[in-house]
Every structure is written in C-alpha cells, then in structure tokens.
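Each chain is listed here by its residues.
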Amino acid sequence: MTDLATDTREALPAERADDVADLGCHAGAEKMKAAAQASGKTELLERFERDYPKGPHEQPQSMCPAFGSLRVGLRMRRVATILSGSACCVYGLTFTSHFYGARRTVGYVPFNSETLVTGKLYEDIRDAVHEIADPDDYDAVIVTNLCVPTASGIPLQMLPKEIDGVRIVGIDVPGFGVPTHAEAKDVLSGAMLAYARQEASAGPVQAPRGGVEERPTVTLLGEMFPVDPVMVGSMLEPMGLACGPTVPVREWRELYAALDCAAVAAIHPFYTASIREFEAAGRPVVGSGPVGTEGTDAWLSAIADVCAVGNDKRDAARNAMRGAIGGSIAENRIDGRITISGYEGSELLVARLLCECGADVRYVGTACPKTPWSRDDAEWLDAHGVHVQYRASLEQDIAAFEEFEPDLAIGTTPVVQKAKEASTPALYFTNLISARPLFGPAGPGALAQIVNGAIANKARFDAMTEFFDGVGAGDTAGIWEDVPADRSAFRKKYAARNRVGKNSVDNGEAVGC
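Cut-off values and rules
Residues numbered from 1 in each chain as written. Predicted model: local features only at pLDDT ≥ 70, side-chain atom pairs only at ≥ 80, totals over all residues. Heavy atoms only, no water. Helix = DSSP H or I, 4+ residues; strand = E, 2+ residues; numbered from the N terminus. Buried < 20%, exposed > 50% of the residue type's maximum accessible area, 1.4 Å probe, protein only. Contact = heavy atoms within 4.5 Å. Areas by Shrake-Rupley, 256 points an atom, 1.4 Å probe, with all protein chains shown as cover. Pairing = 2+ DSSP bridges. Right-handed = clockwise from strand over helix to strand, strands pointing away. Salt bridge = Lys/Arg side-chain N within 4 Å of Asp/Glu carboxyl O. Axes fitted to C-alpha atoms, helices over the stretch in contact; angles between N-to-C directions. 1 Å grid on protein atoms, 1.4 Å probe; cavity = no way out; pocket = protein on both sides within 12 Å on 5 of 7 lines; lining within 4 Å. Points joined across faces, edges and corners; volume = space filled by probe spheres on them. Nonpolar A, V, L, I, M, F, W, Y, C, P; charged D, E, K, R; others polar. Patch = residues over 30% accessible without salt bridge, like charges linked within 9 Å, V, L, I, M, F, W, Y side chains within 5 Å. Parallel < 35°, antiparallel > 145°, perpendicular 65-115°, else oblique. Left-handed = near helix turned anticlockwise from the far one by under 90°.

Enquirer: Explain the overall build of the protein chain residue by residue, including any values.
Expert: Looking only at helices and strands, the protein chain has 23 helices and 15 strands in total. A total of 513 residues make up the protein chain; the buried ones form 54% of that total. Expressed as a percentage of contacts within the protein chain between residues at least 6 apart in sequence, the contacts between residues at least 24 apart total 74%. Total accessible area on the protein chain stands at roughly 22,700 Å², and carbon and sulfur atoms take up 50% of it.

Given below as structure tokens:
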C-alpha cells in the first residue's frame, strides 16, 4: 500500500464544515447517506437504489462491498488502483485482496478532519492521479471513494478523463449505497464499459491481444471458472458463433471486444450497470446460463434467436449438448437433500444443476437482488419445488437449514459453521462450489464429486460430535474447574437495547468502508 497524499488547498462551504468533520465509520449508514445527499450525491445514491434494490432488509451480511471493485481492478493488466477512505478500511481491503492472491500495489490517499473540511482531499487525489498516470506503465487508473469521501461529496467526476493517454476512472463504492461486493464489481465494470463505449464511438480503438474474432461473439457477463468460457465456446461453435470476452475483463482493450459482440450472456444476472451500457450499444442480453440439459437447451435456443442462427445449426448445437450433458448427468447422480446460500450470483444456476443431477434441493438463498435476467432460473426452480430467496439474510439461510434438515448445507462461512455444529456436512460456496466448472458435460462431474464426497462424510461428523460430547457448547465449551455462569439475561437485555436502537443514526453502527 502506497501513500500518495500531497499538500493542497481548497475550502469546503463553511456551513457544512462541522457536519463533515463529524463523519467517520462510526457515524452510521443513515447519517452518512444524509451527508452524501447534502454533498450533491443524491443522483448517485438514487441510481444505486435503482440498480441494486435492497429488498425487505437493509443489507445482506457480507464483506465490505468495495472489495469487489478492488479485486476487479487488481486483476487487470496495466491498471493502477487508488483508494480514498478511512485508514482502517483501506488496511482491511488491501489485506483481504492480498490474502486472495493480489500481487499489486494499492495506492492510498488518506484524509483527516482538516482535509475534509478544507476540501484538500480532492486535490490530494488529483495530485496522486497525476503522479501515477505514466503511459509507460498504465492504460488506466481506477480511483475509488469509500464511505467517508463519498459522504463528504468528494467529486471524482471532476478528475481529468485522461492524463498523457492514461484513462482516469473514478467511482464511488460506499457501504451505505452498494449492498454487496458482487455488485461493486458491476459498479466498476459498468464505469469502464461506459468509458470504452465513448472511445469506440469516437474512432478506432485497440484490437484484442489475440486479434479480432471473425465470427460473431457472445460476451459473458460475470466472473466464472476459467474452463467455463472454453466450454461455452464449444457449445457456440456449431452455430457459427464464438465466445467473446468475459466481463469483468482482465485488460482494458478487452472492453472494446466485449462491446463488439452479437449478444451478451448475463450469466451473473445482477450486472445492471454493465447491461445498461451493452443495451446502449444496441446489444441484446440473454439471461440464465448453459447448465444441465434443460438449462443448456433453453439457453442455446435463446442465443440462437437473438443472433439469427438458422434452425439447422441451432438444432445441431442443441442435440450435441443434450446428449453429452445428459450422459454426464446419468453418470454423476446425487442422492441427498441440500440447501444452498451464497453471495456470488451463481447460486440459482448451481441449484438447477444439482436438481438435474438428482439432488433434493429445498432452498436457495442469494445475497443478490431479483432481476429480469434471473427470472427463467427462478421460475424453473419454483416449478421443481425449490424456494428462492433473493437478498437472503443470514437468519433466513439458517432458518432454512433448520427447517429442511439437509444432508448437505452449501453456504457462506457462518452457515457452514452452523451446519457443522449440528453434525451436518457443509461446503463453503465461494471456494468449493463456484471455483469449479459449471457448464456443459464438465459441470455434473465436478459438482457430483465434491457433493457426494461431502455427504458421505456424515459418519465422521457424528463420530466427532460423540467424541466431544459433554465438553459443553458456546461459552461453556472446554474443561473448567468452575463452569462459567449463565449470562443469558445479560445478553437479552442488550439485545433488546440494540433492537430499540435499530436505526443506525441512533446506535452508531459502523458501516462498510
């Protein structure tokens, strides 16, 4: 992490100085949102509410949303990343990004009450951008406002659009405006697509690293396992189509190729800002994905429709995949009741494939919102007796686990913990499920192997539970000379107090970054 702050001067309106000086993560979501609106960010927040509706509860329990956009930028070639936010938040984000394998420097523009009140922070950011924007090293610089700079109205839109040919992209990713890290990936992807679309409209742009594909392409929307785009390409080939780039992209020039497609496959259906840019470019968008026999057949038909593929080629592609995937499903059956929850955006697709493999799936919870591009999957699951919960909370996921008593719980870390405490096999969705092939004949085999293996471990969990029987649970777990006193009344008292002060302005809850 590199500190890029320098000395500047500019004053904020005096009537807002006291309010800005009081801002911080401790201020709470409602107060920070009110400050952002007073600072001229009303349009931004309204767009977030339209793009990423929160649903019945304020926000799913998830990691800081800015991790999503940070990860996208750090994965790109020749792209620099600068964060502006509270030091604790920037530390947490950089730690997490490097924990997940990033080997890139993250620029950091710090602030304090004085720089917020005087307006110096904006000039610090501007100077940092000028310092780092070297065309020999970078194609673009991504600047991200975290919670406090967004609430303070730091106007990243006033930064120069480019410096010596290096593109400057400024985004706001406040925890009080963007619900999940998955949707923050869309915030950055949408901003970069908007920039690239303007470039392409203005004149010739750089060709893809591998050259221009002569066949019409289908752009894939959403992060996925590296083998899946290859499999999609083999599905499209009989129809005279090719698989285009995957968004989020790994290099700036891929944005042009992504926009220059025949159709967009919204594999992850919550990329609302990105879809808006594709539709502005006149590109049709198809929801769902090629999972299982039924899902693949429907998806190939939808792609053929929007790409005007003839019936002969369409049927050839469908028949080839129907036979190959059907054979794979027949060889990879799953026998067991399963509940699923996650925050990646592919939860419904995974549930569909598990159902076709024979699993008794009862519940799918996703932290992402309901969108038109997930409608087909939701309707299919509903017809097969699966309850779909958008914007699922941890409490809903755990309630589903307790109600359906599955043989296997696939979920987030706390859901997995809850299941294992109950001697139920469990798998972490992000690392163990979404990090496997999902499409084509490879999907059933990859899922069945790990799912069947986990279900078969039930006896080991029972043995562990029996082994540790009698050592207590929760606060009383372990070997004690004097068993700890029951403090449940104390907990109930403060739980009630927290419920009374649910409004974050009153209870001062910390929010995101």
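Having put the structure on the table, let's press on.
Enquirer: Give me the pairing of strand 14 (residues 408–411): which residues, what numbers.
Expert: Because side chains alternate across strand 14, one face comprises the buried residues Leu 408 and Ile 410, and the other comprises Ala 409 and Gly 411, equally buried. In terms of strand pairing, strand 14 meets strand 15 (residues 426–428) through 3 bridges, oriented parallel. Counterpart to Ala 409 in the pairing with strand 15 is Ala 426. Between strand 14 and its parallel partner strand 15, the chain crosses via helix 18 (residues 413–421), and the hand of that crossover is right-handed.

Enquirer: Quick rundown of the pattern of salt bridges? Include the residues and the values.
Expert: Overall, the coordinates contain 22 salt bridges when judged by the stated rule. Residue Arg 78 pairs with Asp 139 through a salt bridge whose shortest N-O separation is 3.0 Å. Of this pair, Arg 78 sits in the loop between helix 4 (66–74) and strand 2 (79–84) while Asp 139 sits in the loop between helix 7 (120–132) and strand 4 (140–145), and the two are 61 residues apart along the sequence. Relative accessible area serves as the criterion here: at 30%, Arg 78 is assigned to the partly exposed category. With a relative accessible area of 15%, Asp 139 lands in the buried category.

Enquirer: Outline the sheet that holds strand 13 (residues 387–390), supporting the account with residue identities and numerical values.
Expert: Pairing within the open sheet is parallel, and its 5 strands lie in the order 13-12-11-14-15. For this open sheet the edge positions go to strand 13 and strand 15, each flanked by a neighbour on one side alone. When strand polarity is set aside, the average angle formed by the axes of neighbouring strands in this sheet is 10°. The pairing of strand 11 (residues 337–342) with strand 12 (residues 360–366) spans 6 bridges and is parallel. Residue pairing across strands places Thr 339 opposite Tyr 363, the latter belonging to strand 12. The strands touched by helix 15 (residues 347–356) within the sheet are strand 11, strand 12, strand 13 and strand 14, with strand 12 carrying the most contacts at an inclination of about 175°.

Enquirer: Can you tell me about empty space enclosed by the protein, naming the residues and giving the values?
Expert: Evaluation of the coordinates by the stated rule reveals 4 cavities of 30 Å³ or more. Counted as a void, the largest cavity has a volume near 70 Å³. Taken together, Pro 269, Phe 270, Gly 345, Glu 347, Leu 348, Thr 366, Cys 368, Pro 369, Thr 371, Ser 374 and Tyr 390 make up the lining of the largest cavity. Here the residues of the lining of the largest cavity are counted per class, giving 6 nonpolar, 4 polar and 1 charged.

Enquirer: Before we move on, could you go through a nonpolar patch on the surface and cite the residues and values that matter?
Expert: On the surface, Tyr 91, Phe 95, Phe 99 and Tyr 100 cluster together into a nonpolar patch covering about 480 Å² of accessible area. Topologically, Phe 99 is positioned in helix 5 (residues 87–99). Relative accessible area serves as the criterion here: at 61%, Phe 99 is assigned to the exposed category.

Enquirer: Summarise the packing of helix 17 (residues 394–404) against helix 18; cite the residues concerned and give the values.
Expert: Contact pair helix 17 / helix 18: the axes reach a minimum separation of 10 Å and the direction vectors enclose 30°. Classified by the interaxial angle, the pair formed by helix 17 and helix 18 is roughly parallel. Like other packed secondary-structure pairs, helix 17 and helix 18 cross with a definite hand, here right-handed. Residues Leu 394, Asp 397, Ile 398, Phe 401 and Glu 402 of helix 17 lie in contact with helix 18, whose contacting residues are Pro 414, Val 415, Lys 418 and Ala 419. Here the contact of helix 17 with helix 18 is built from residues that sort into 6 nonpolar, no polar and 3 charged.

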